[in-house]
Amino acid sequence: MWKTWAAVVGVIAAVVFLAAAELVAVFLGGAGSPLVGVGGAVIDLAPRGAKDLMVTLFGTGDKVALFVLMVVLVVAISAGAGVLERRRPPLGAIVFAIGGVLSLLAVTTRSGSGSLDGAPTVVGVAAAIVVLRVLLARLRRWEAAEDTRVVPTARDVAGPPDATPTPAQGSGSGSTAAHSTGPARRAFLVWGVTTAALAVVVGGASRLGTATMQAAVAARRAIRLPSPATVAPAVPAGASLDVDGITPVITPNDAFYRIDTALRVPQVDPATWKLRIHGAVDREVEVTWDELLALPLEEHVATMSCVSNEVGGDLIGTAKWLGYPIRELLAKAGPHGSADMVLSTSVDGFTAGTPLDVLQDRGTAALLAVGMNGEPLPPEHGFPVRMVVPGLFGYVSATKWVTDLEVTRFADAQGYWTPRGWSERGPVKLESRIDVPRGGSTVRAGSTVAVAGVAWQPHTGVKGVQVRVDDGAWQDATLADSISADTWRQWVWRWTPTKGSHRLQVRATSADGEVQTSVERPPAPNGATGWHEVTVTAS
Ligand SMILES: Nc1nc2c(c(=O)[nH]1)N[C@H]1C(S)=C(S)[C@@H](COP(=O)(O)O)O[C@H]1N2
Ligand SMILES: [Mo]
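Just so we're clear, the structure is a prediction, and the values are computed from it rather than from any experiment.

Quick word on the UniProt feature "transmembrane region" (unreviewed entry) in the chain
Part 1 of the reasoning: Those residues carrying the UniProt feature "transmembrane region" (unreviewed entry) are residues 64–84, 91–112, 118–136 and 188–206 in this numbering.
Part 2 of the reasoning: Taken end to end, residues 118–136 has its terminal C-alpha atoms 27 Å apart, with 95% of it in helix and 0% in strand.

In C-alpha cells form, the structure reads like this:
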C-alpha cells in the first residue's frame, strides 16, 4: 500500500512540474512550455519507421496517440520516481532532475527558442522536487504512525531512517496510537489532494491562457489592414543620412521602445474590441473594430517619446501610423463647451488625460491607430487600437489597448501618472542626441569623423543643430531632410579631431527659433532638459 501511495505522490509531483512550467510559460508568451517543447522534440526525433508505424496504427490521429503515449510514459516514470524516492532518497528526485535536463534540452533546442525558454522547466522541476519531498515526508509520518499501532517497535526496524516522530509515538501505548494514526493519514491526504487540485487548476488555467494568447497572435496575423484613404507622402531619401551607427529615421517595430505598466501584455480580441466615447458629450458614440476599419483611415509618420527619457536616452521612436483622426470621432459625439480634457482608458486600467483642444485641432494628426509601419499594431504596442498624438509625451496621450474615451475636465479627472508626481500636461520638449561616436569610444586623430544623431520637437519641428567641441564655438551641423514637423531629424557634423580626449555637445534650434536650453532637469515631473554630451578619445 505504501508503495502505491509513493507512486501517487510521484505522479502528483509530475503534474506539479507541468503546472508550474505552464504558469511560468504564460509570462513568456507561451514560450518554453515543456509540454509543447518535449512533444515537438519527440515528433522530430522519432525514427521515420516509428512515425510510419504510428500513422499506420492510428491513422491521422497519430498526434493524439503520441500524446497518450507520452502521458502513459510520464505517469509510469514519475510513479517509479515516487517509489524510488520513498525507498532511497534522493534517487526519485534525481529521476525528476534527469527528466528536467532532457526537457531543457528539448525546449532550448527548438528553432526560434529564446534565452528564457529554459525557465519554465527549471521552475517546474524545482517545484516538483519540493512537492515530492514534502508529500513523502507526510507519507512517512503516516507510515510511522501505522507501524507504531500494529507493532509498537516496527518503526525502528522498517521505518525510513529520517521518519519524524509523530504524536502517536510519544504516547507509548498501542491503543492510543491507533487513534492517533488518523491525523497523520489525514495530513497526508489533505496535502496530497490540495496540491494535486491546485496543480490541475493552475496548470489548466495557464495552458488555457497561453492558448488564448496564441489565438490572439494568430488573429493578429490574419488581419489585413485596409489601404489608407490618405496616404503618407513617401519618406524623402534625403531624410536618411549615410552615417554608420546613426538612428534610422523610421524605427522598426521590433526596435521601438516599449513603456507601460502592464505586467503581461494585454490580449485583446479585435472581434470583441469596442471604443466608447462618453462623458460631457451630446451623444455617446461606440465604434467596433469592423466599423473603425471601414472608416477612411489616414497614414501619418510621427515621433513618439516617453517623458522618462533622460537626455541622450533612447525612449523615443518614429513610426508610420495608420489610423482614424480622433477629432472626427469626437465631432460625432459633440463635446460640451465646458470640457477641456479627454481621459482615455486601456483594457488594463491605464489612463491618460489629453487636452481636448489638441485632439480637436485640424492641424494635429491625433490618431486612433491600428497600424504601425505597415503592420497591425504589435501586441506590446497596443494591439488592436491605441492613440498617437504628435507633440505630446506618451503618458498623456498614447494609450495602448484603448477602449474608452471620456470627455471631461482637468479639474474633474486625472490620468494615471498625474497623482504619481508627473505633470497634468506633457508637451514634448526640444531635444537632441549624439548617436555617434559613442561616449567612451576611440576615434582616429586627423581623420574625418562623423558626429551625428537626431534632434526633435514633434509638432514644431527642428530647423538647426549645432555641435561644439571642448566648449569651443558652436558649429552648424548638416540636417537631413525633414519628413514633417511631427518627426525627428537626423543631423551630421564632420569633425577632424586632434589627439587627446574631447567633449562633444549638441543643441538644437526649433522651427520656432527656440534654442535648446542648457538647464539640466530630470525627467520628473514633465521631461528632462539639458545638452547631450559624449566624451571620446582621439589617438
Ligand atoms: N495601456 C497603456 N498605454 C500606455 C502606457 C501604459 O502604461 N499603459 N504607457 C504610456 C507611455 S508612458 C508611453 S511613453 C507610451 C509608450 O508606447 P510604446 O510602448 O508603444 O512605445 O505608451 C503610453 N501608453
Ligand atoms: Mo512614457
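From this point, things continue past the structure.
Let's talk about the pattern of salt bridges
Part 1 of the reasoning: Counted under the stated rule, the structure contains 17 salt bridges.
Part 2 of the reasoning: When the shortest N-O distance is used, the salt bridge between Arg-133 and Glu-85 registers 3.8 Å. You can see Arg-133 sitting in helix α6 (residues 119–150) and its partner Glu-85 sitting in helix α4 (residues 62–87), a full 48 residues away along the chain.
Part 3 of the reasoning: A salt bridge links Asp-471 to Arg-503, with the shortest nitrogen-to-oxygen separation between them at 2.6 Å. One end of the pair, Asp-471, is in the loop between β14 (462–469) and β15 (475–476); the other, Arg-503, is in strand β18 (residues 500–510), with 32 residues separating them in the sequence.
Part 4 of the reasoning: The exposure class of Asp-471 is partly exposed, given its relative accessible area of 45%.
Part 5 of the reasoning: Using a relative accessible area of 25% as the deciding quantity, one classes Arg-503 as partly exposed.
Part 6 of the reasoning: A single salt-bridge network, built from bridges that share partners, covers Arg-468, Asp-471, Arg-503 and Glu-533.

Focus on the side chain of Arg-386
Part 1 of the reasoning: By the secondary structure assignment, Arg-386 is in strand β9 (residues 386–388).
Part 2 of the reasoning: Asp-260 is the oppositely charged side chain nearest to the buried, salt-bridge-free Arg-386, at an N-O distance of 8.0 Å.
Part 3 of the reasoning: A polar side-chain atom of Arg-386 sits 3.3 Å from the main-chain carbonyl oxygen of His-381.
Part 4 of the reasoning: The residues contacting Arg-386, other than those within four sequence positions of it, are Met-304, Trp-321, Leu-367, Leu-368, Ala-369, Leu-377, His-381, Ala-398, Thr-399, Lys-400, Trp-401 and Val-402.

Considering the site of ligand 1
Part 1 of the reasoning: Neighbouring residues of ligand 1: 19 residues in total, closest Tyr-257, Thr-261, His-381, Arg-386 and Lys-400.
Part 2 of the reasoning: Between Ile-259 and ligand 1, the recorded distance is 3.0 Å, taken from a backbone N or O atom to an oxygen atom.
Part 3 of the reasoning: Protein chains shield 99% of the accessible area of ligand 1, which is 520 Å² for the free molecule.
Part 4 of the reasoning: For the shell around ligand 1, a count of residues per class yields nine nonpolar, five polar and five charged.

Regarding the sheet that holds strand β16 (residues 478–479)
Part 1 of the reasoning: The antiparallel open sheet is built from four strands, whose spatial order is β11-β13-β17-β16. Strands with a single pairing partner mark the edges of an open sheet, and in this sheet they are β11 (431–436) and β16.
Part 2 of the reasoning: One ladder, built from five bridges, connects β11 with strand β13 (residues 449–456); its direction is antiparallel. Looking at the pairing, Ile-434 lines up with Gly-453 of β13.

Section: the packing of helix α2 (residues 34–45) against helix α5 (residues 91–108)
Part 1 of the reasoning: One way to put it is that α2 packs onto α5 with a least axis distance of 8 Å and a crossing angle of 80°. Taken together, the axes of α2 and α5 lie roughly perpendicular to each other. Contacts between α2 and α5 pair Pro-34, Gly-37, Val-38 and Ala-41 from the former with Ser-103, Ala-106 and Val-107 from the latter.

Looking at the nonpolar core
Part 1 of the reasoning: Ranked by size, the top nonpolar core spans 66 residues in total, and within it Ile-277, Leu-292, Trp-321 and Leu-368 carry the most contacts.
Part 2 of the reasoning: Not counting the four nearest positions on each side in its chain, Leu-292 is found in contact with Trp-273, Val-287, Leu-297, Tyr-324, Leu-368, Val-370 and Val-385.
Part 3 of the reasoning: Membership of the second largest hydrophobic core comes to 27 residues, among which are Trp-2, Ile-12, Ala-81 and Ala-145.

Some points on the layout of surface pockets
Part 1 of the reasoning: As a volume, the largest pocket reaches approximately 1100 Å³.
Part 2 of the reasoning: Lining the largest pocket are 40 residues, with Val-38, Val-42, Met-70, Leu-73 and Val-74 positioned closest to its centre.
Part 3 of the reasoning: Looking at the lining of the largest pocket, the elements that each hand over two or more residues are α1 (2–26), α2, α3 (48–58), α4 and α5.
Part 4 of the reasoning: The dominant element in the lining of the largest pocket, judged by the number of residues it contributes, is α4, at 13 residues.
Part 5 of the reasoning: Of the residues in the lining of the largest pocket, the class split is 33 nonpolar, four polar and three charged.

What to know about the sheet that holds strand β12 (residues 442–443)
Part 1 of the reasoning: Taken in spatial order, the five strands of this open sheet run β12-β19-β18-β14-β15, and their pairing is mixed. The outermost strands of the open sheet, each flanked by one partner alone, are β12 and β15.
Part 2 of the reasoning: Where β18 lies against strand β19 (residues 532–538), seven bridges are found, and the strand directions are antiparallel. Residue pairing across strands places Arg-503 opposite Thr-535, the latter belonging to β19.

Structural notes on a negative patch on the surface
Part 1 of the reasoning: A grouping of Asp-340, Asp-357, Asp-361 and Glu-424 is seen on the molecular surface, where their side chains present a negatively charged patch.
Part 2 of the reasoning: Relative to the assigned elements, Asp-340 resides in the loop between α11 (326–333) and β5 (341–346).
Part 3 of the reasoning: With relative accessibility at 31%, the residue Asp-340 sits in the partly exposed group.

Regarding the packing of aromatic side chains
For any pair of aromatic rings, the description consists of the separation of the ring centres together with the inter-plane angle of the planes.
Part 1 of the reasoning: Throughout the structure, instances matching the rule amount to twelve aromatic pairs.
Part 2 of the reasoning: Considering the side-chain rings of Trp-2 and Trp-142, the 4.8 Å spacing of their centres and the 85° angle between planes classify their relative orientation as edge-to-face. Here Trp-2 is found in helix α1, whereas its partner Trp-142 is found in helix α6, with 140 residues between them in sequence. Accessibility classification places Trp-2 together with Trp-142 in one group, the buried group.
Part 3 of the reasoning: Among the aromatic residues, those joined into a ring-pair cluster are Trp-2, Trp-5, Trp-142 and Phe-188.
Part 4 of the reasoning: The aromatic ring of Trp-191 is capped on one face by Arg-138, whose charged end is 4.3 Å from the ring centroid.
Part 5 of the reasoning: When the ring centre of Tyr-416 is taken as origin, the NZ or CZ atom of Arg-420, which lies over that ring, is 3.7 Å away.

What counts and what doesn't
- The residue count restarts for each chain, going from 1 along the sequence in the order it is written.
- Written order decides the labels, with chains lettered from A and ligands numbered from 1.
- Only residues with pLDDT of at least 70 get local features here, since the model is predicted, and only at 80 or more are side-chain atom pairs given and counted; chain-wide, interface and lining totals rely on the full set of residues.
- In computing side-chain properties, one takes all heavy atoms of the structure into account and sets aside hydrogens as well as water.
- UniProt positions are given in the numbering used here, feature names are shortened, and annotations may be inferred rather than shown by experiment.
- The numbering of helices and of strands both runs from the N terminus, where a helix is a DSSP run of H or I of at least 4 residues and a strand a run of E of at least 2.
- When a carboxyl oxygen of Asp or Glu lies within 4 Å of a side-chain nitrogen of Lys or Arg, that pair is called a salt bridge.
- Only protein chains enter the accessibility calculation, which uses a 1.4 Å probe; a residue is then buried when its area is under 20% of its type maximum, exposed when over 50%, and partly exposed in between.
- Only four residue types enter the tally: Lys and Arg on the positive side, Asp and Glu on the negative side; His and the chain ends are excluded.
- Contacts described as polar in this section are N or O atom pairs within 3.5 Å, which, within protein, must combine one atom able to donate a hydrogen with one able to accept it, while residues neighboring in sequence count only if both atoms come from side chains.
- Note on contacts: a residue pair is in contact if any heavy atoms of the two residues lie within 4.5 Å.
- The rule for a residue being near a molecule or strand is that one of its heavy atoms must lie within 4 Å of it.
- Per-residue and other accessible areas were derived by the Shrake-Rupley procedure at a 1.4 Å probe size, with only the shown protein chains allowed to occlude residues.
- Side-chain classes follow a simple rule in which Ala, Val, Leu, Ile, Met, Phe, Trp, Tyr, Cys and Pro form the nonpolar group, Asp, Glu, Lys and Arg form the charged group, and the remainder, Gly included, forms the polar group.
- By this definition, two strands are paired if DSSP reports at least two bridges between them.
- An axis is simply a line fitted to the C-alpha atoms; with a helix, the fit covers only the stretch in contact. Between two such axes, the angle follows the N-to-C directions and lies from 0 to 180 degrees.
- Reported orientations rely on four angle classes, namely roughly parallel under 35 degrees, roughly antiparallel over 145, roughly perpendicular from 65 to 115, and oblique for the rest.
- As used in this record, nonpolar core signifies buried Ala, Val, Leu, Ile, Met, Phe, Trp, Tyr and Cys residues forming a set joined through side-chain atoms within 4.5 Å.
- In this analysis the probe radius is 1.4 Å and the grid spacing 1 Å, with only protein atoms considered; a cavity is a set of points the probe fits into but cannot get out of, a pocket is an open set with protein on both sides within 12 Å along at least five of seven lines, and lining residues have an atom within 4 Å of a point.
- Grid points are joined across faces, edges and corners, and a volume is the space filled by probe spheres set on the points.
- Patch membership requires more than 30% relative accessible area and the absence of a salt bridge. Residues of like charge join within 9 Å; the nonpolar side chains Val, Leu, Ile, Met, Phe, Trp and Tyr join within 5 Å.
- Every charge is mapped to an atom, namely NZ of Lys, CZ of Arg, CG of Asp or CD of Glu.
- In summary, the pairing rule links any two rings of Phe, Tyr or Trp, Trp by its six-membered ring, whose centres are within 6.5 Å, and it sorts them by plane angle into stacked for under 30 degrees, edge-to-face for over 60 and tilted for everything else.
- Our definition puts a charge over a ring when NZ of Lys or CZ of Arg is within 6 Å of the ring centre and also within 35 degrees of the ring normal.

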